[in-house]
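# Structural features, examined
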Amino acid sequence: MDHSITMVGRKSLDISGVKHVESFDNEEFLLETTMGVLSIRGQHLQMKNLDVDQGNVSITGKVDDLVYLDQLDGKSKGLFGKLFK
């Protein structure tokens, strides 16, 4: 499964290659992708589309930050592991 990110302005994201949505709220999304765990931070973030079969996610809102988080032994460290590095 290929992984790509398409961002229009700072208002809309289309992401492919998503394996799992770890968590989300209106300020942060944590997505496990084929290229690692992706953290998306911003304001008024909303999931507009989720296609788990194809691994596609669409997010709208004001995007402030896109970061790939380090992984430990190929597994996600979980939310607390990311907060307390």
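Since this is a predicted model, take the numbers as computed values, not measurements.

Moving on to the environment of Y68. Relative to the assigned elements, Y68 resides in strand β6 (residues 56-69). Y68 sits in the partly exposed class, given a relative accessible area of 40%. Between the C-alpha atoms of Y68 and T33, which are 35 residues apart in sequence, the distance is 9.5 Å. Apart from the residues lying within four places of it in its own chain, the contact partners of Y68 are H3, I5, T33, M35, G36, V37 and L38.

With that settled, consider the pattern of salt bridges. Within the structure shown, the criterion is met by 5 salt bridges. Residue K62 is joined to D64 by a salt bridge in which the shortest nitrogen-to-oxygen separation is 3.8 Å. For D64, a relative accessible area of 41% gives the class partly exposed. In the salt-bridge network here, residues are joined through shared partners; they are R10, K62 and D64.

Looking now at the nonpolar core. Core analysis: the biggest nonpolar cluster contains 11 residues, these being L13, I15, V18, F29, L31, L38, I40, L45, V57, I59 and V63. Looking at this core, the elements with two or more residues in it are β2 (12-16), β4 (28-33), β5 (36-51) and β6. Excluding its chain neighbours within four sequence positions, the residues that come into contact with L31 are I15, V18, H20, V21, G36, V37, L38, I40 and I59.

So, how was this worked out
- Residues numbered from 1 in each chain as written.
- Predicted model: local features only at pLDDT ≥ 70, side-chain atom pairs only at ≥ 80, totals over all residues.
- Heavy atoms only, no water.
- Helix = DSSP H or I, 4+ residues; strand = E, 2+ residues; numbered from the N terminus.
- Buried < 20%, exposed > 50% of the residue type's maximum accessible area, 1.4 Å probe, protein only.
- Contact = heavy atoms within 4.5 Å.
- Salt bridge = Lys/Arg side-chain N within 4 Å of Asp/Glu carboxyl O.
- Core = buried A, V, L, I, M, F, W, Y, C linked by side-chain atoms within 4.5 Å.

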